[in-house]
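# An overview of the molecular structure
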Amino acid sequence: MLLFVSVALAGDVGSVGPVSGPDGLRVEERVVPWAEFGFVPAAQEQKAIGPDRVAAGADGLAAVWDPVRQQVLVLHDLVVQGAFAASRVDDLAFAGRDLVLLEGRTIALVGADGRDHGNLPVPDLVPTNIDLLVQGSDVWGVDPFGNRHAIAHVEGGLSVATGASFGGPAFAKVEVTPRAGALKTSVRTLGAGWAIVDSVVSDFPIGVERAVVHDGRSLPLETRSRSWTPADDADVDAEGRLVVIVPLADGLHVRRISQ
Amino acid sequence: MITLLVASAFAIDREDVLDQAAQYAFHPWSMTSVNETADCSASYQSDYVAGSYRGLPYDWGGYYTLDEYDQAIADGLGAGSHSWHGVLSCTAGVDCSGFVSQVWDTAHYSTSTFYSVTTDISISELKRADAVNDAGSHVVLFAYETGAGMPVFYEAAGSAQRTRLNSGAGWSYLDGYQPVRYDDIVDGGSSATVGEPIEIDAFPFEDFRWTAGAASDVIDSYSCSPNTDESGPEVLYKFSVAVAGTLHAVVSDDDGVDVDVHVMTSPDGEHCLARHDSEVTVEVGPGDVWLALDTYVGAHEFPGPFLLDVTFDGVVGDPLPIDTGNPEDTGSTGGNRLPWRRVYATDGGISGCDTGGSPFALLAIGLASVAARRRRA
């Protein structure tokens, strides 16, 4: 099912951006040109389709799902190292140096080189609309309320989860002071104290400002870039840094933000 | 006055809209390799491979009801499509506006023509089952705003390949969109009550619903935990068990919401088999089984949205009749018995005749046989 299709696309693809950010947050950035990804602009009744899921792991590993070319790109320190084919990925998360892929009602464990290490069905009791989360050796599905549901154990391969299905909240709540004058504020908690905060600042139509927040410090993020952009995504790596993907005109900006 | 009467004749209530939306997002379906391709387009390739799924596929130009979709897949149509395939007559599913049109129970409007049946509203006016539209691009059905302010909405999204409940995108996903209200929508709903419970006819079962504003508020305590105050509004589900099995239910709710799950044999709180704040496992025998998702009351009420997932490893359906040894008694007492089927106990278990050739009936009898042997053991 999974084929390793390329290695070391190029160490010189993209560029490393500034290493300091506002408000004391440190930002590293790499721009991966659109030639490396598939991108379908929005059409009538269809949002744009492009890379919209990122997973961050240990030792600088990250992975991005490209739904158009149906591949997972693996990055090391923000540089693309290779890619492997995957026909359908709803979410992905690192388990050590391996990746867990959610493919419909199946999870698969694959190496960063695309080697298949087995798969398991998602238990029937786990909700449909979940994000993947790996904590230690436990693979969870996180539901719309931020609660965990046991999917599997990953230790020398995948095994069926035992014990209670319901695991409670995935992350500690991040308290955020809403922006003055904001009509609505949404806080997406990502773990390790990170959150993405969207502030609705205007109406008719909706206008939004987005920022990454940690310990009261914030870093603005672009919204609605590249015309009808696909949603951007973020994940916290094993070192507690936030990795975020932002699609802009010149390519996919992969940012690593640390305190 | 005439206009009002005409409008009310076609009005749809918000809870019905959201009920429909949940069915699209959680609809179980299966496909074979036949549905990976489509006979009217040589270049077409489905996003899906043979297997079982939940949630209707995104299909550019698609406007299928759930029944039509199941039939189309059975007839060999392709599962879903994208804009680059063109509008195909040989694929099935819904696109974003087809989905919203279906759950609003309207003709098929597009994101560019919804204006003719909707009114623009401000973001502060947004209610459940309103839509958030970007003319010419995409539309979502607003479902709820979490305690963290995250918008939760249903959508048929090409990027996700299916109809889904999207809860992690934040407001920036809707940057540049316009909230709109369907002109013939009304508040409220009357289902999920003792008199009109949500019927569960297959497992696994999943539902996303609200106790806030629920139509039922008649059960305040349960025999399995009589001192727990459950006097807030509740949502009621019901199914019938033909062959006993294990029921496993998980309820998840939002921060600041406390909805508990109760399993009962009648909808009155007096016949409670088990209850829990989040997860319950219980053996249930033949007969009617009720689930009450009830609002806990502590210092105040904690109503709100919940996500319910249920599995059951027995057999759903009317209970098999009990053989009394008198053929006249078999299936003759009405109620939930099967009046047309005669079942005889033998040393080898139970064998059936006159099953009408139904594979389900044969399966039920086979499982009944296993259950009977277990009971004897």
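What you see is a predicted model; the values in this text were computed from it and never measured.

Before going further, it helps to examine the overall build of chain B. Per the secondary structure count, chain B includes 5 helices and 24 strands. Within the span of chain B, comprising 377 residues, buried residues form 56% of the whole. Accessible surface for chain B amounts to roughly 15,000 Å². Of this, 52% is attributable to carbon and sulfur atoms.

We now examine the overall build of chain A. Summing up its helical and strand segments, chain A has 0 helices and 22 strands in all. Buried positions account for 59% of the 259 residues belonging to chain A. Sequence separation of 24 or more characterises 41% of the internal contacts of chain A that already satisfy a separation of 6 or more. About 9,700 Å² of surface is accessible on chain A, with carbon and sulfur atoms providing 51% of the total.

What follows deals with the side chain of Asp59(B). Relative to the assigned elements, Asp59(B) resides in the loop between strand S3 (51-54) and helix H3 (66-74). Of the buried charged residues, Asp59(B) lacks a salt bridge, with Arg88(A) as the closest side chain of opposite charge at 14 Å. Setting aside anything within four residues of it in sequence, one finds Asp59(B) in contact with Tyr64(B), Gly80(B), Ser81(B), Thr91(B), Ala92(B), Gly93(B), Val94(B) and Asp95(B).

For the rest of this paragraph, the subject is the environment of Val100(A). All names here are of chain A. Among the secondary structure elements, Val-100 is positioned in strand S8 (residues 98-103). Overall, the relative accessible area of 0% leaves Val-100 in the buried class. With 34 residues separating them in the primary sequence, Val-100 and Val-134 have C-alpha atoms 8.4 Å apart. Once residues within four sequence positions are removed from consideration, Val-100 is found in contact with Asp-91, Leu-92, Ala-93, Ala-95, Ile-107, Ala-108, Leu-109, Leu-132, Val-134 and Val-139.

Moving on to the side chain of Ser240(B). Mapped onto the fold, Ser240(B) is located in strand S15 (residues 234-243). By relative accessible area, which is 18% here, Ser240(B) ends up buried.

Attention now goes to the interface of chain B and chain A. Listed as interface residues are 73 residues of chain B and, on the opposing side, 49 residues of chain A. When the two sides are added together, the surface that chain B and chain A hide from each other amounts to roughly 5,100 Å², 54% of it contributed by carbon and sulfur. Among the residues of chain B in contact with chain A, Ile123(B), Trp171(B) and Asp175(B) are the three that bury the most area, contributing 13% of the side total. Where chain B meets chain A, there are 2 salt bridges. A salt bridge links Glu145(B) to Lys184(A); the shortest N-O distance between them is 2.7 Å. At the boundary of chain B with chain A, the tally comes to 34 residue pairs in polar contact (both at pLDDT 80 or more).

Formally, a disulfide is one covalent bond, and it connects the sulfur atom of one cysteine to the sulfur atom of another. Residue and element names in this part refer to chain B. For the coordinates displayed, the defined rule picks out 2 disulfides over all chains. Two residues share a disulfide in this structure: Cys-40 and Cys-90, whose sulfurs sit 1.8 Å from each other. Taking the torsion about the S-S bond as the criterion, the Cys-40 to Cys-90 disulfide, at about -65 degrees, is left-handed. Residue Cys-40 is located in the loop between strand S2 (28-31) and S3, and its partner Cys-90 is located in the loop between strand S4 (78-79) and strand S5 (91-92); the two are separated by 50 residues in the primary sequence. For Cys-90, a relative accessible area of 5% translates into the label buried. The disulfide partner of Cys-224 is Cys-272, and the S-S distance across this bridge is 1.8 Å.

Attention shifts here to helix H4 (residues 96-103) of chain B. All names here are of chain B. Of all 8 residues that make up H4, 8 are buried, and the element is covered over most of its length. Listing the buried residues of H4 in full gives Cys-96, Ser-97, Gly-98, Phe-99, Val-100, Ser-101, Gln-102 and Val-103. Those residues of H4 hidden inside the fold are in contact with strand S1 (12-13), helix H2 (14-26), strand S8 (138-145), strand S9 (151-157) and strand S10 (162-166). Here H4 starts with a cap whose side-chain oxygen sits 3.3 Å from the backbone nitrogen of Ser-97, and that cap is Asp-95. Directly after H4, the chain includes Asp-105, whose backbone phi takes a positive value near 60 degrees.

All names here are of chain B. By the alternation rule, side chains of strand S7 (residues 131-134) split into Ala-131 and Asn-133 and Val-132 and Asp-134, which are all buried. Hairpin connection between S7 and S8: a loop of 3 residues separates the two successive antiparallel strands, and Gly-136 in this loop has a positive phi of roughly 90 degrees. With 3 bridges connecting them, S7 and strand S11 (residues 178-182) associate as antiparallel partners. When the bridges of S11 are listed, Asn-133 appears paired with Gln-178.

Rules used throughout
- Residues numbered from 1 in each chain as written.
- Chains lettered and ligands numbered in written order.
- Predicted model: local features only at pLDDT ≥ 70, side-chain atom pairs only at ≥ 80, totals over all residues.
- Heavy atoms only, no water.
- Helix = DSSP H or I, 4+ residues; strand = E, 2+ residues; numbered from the N terminus.
- Buried < 20%, exposed > 50% of the residue type's maximum accessible area, 1.4 Å probe, protein only.
- Areas by Shrake-Rupley, 256 points an atom, 1.4 Å probe, with all protein chains shown as cover.
- Contact = heavy atoms within 4.5 Å.
- Lys, Arg positive; Asp, Glu negative; His and termini not counted.
- Salt bridge = Lys/Arg side-chain N within 4 Å of Asp/Glu carboxyl O.
- Buried area = accessible area lost by both parts, 1.4 Å probe.
- Polar contact = N/O pair within 3.5 Å; in protein donor to acceptor, adjacent residues only side chain to side chain.
- Disulfide = S-S within 2.5 Å.
- Pairing = 2+ DSSP bridges.

These results come straight from atomic positions and should not be treated as a statement about function.
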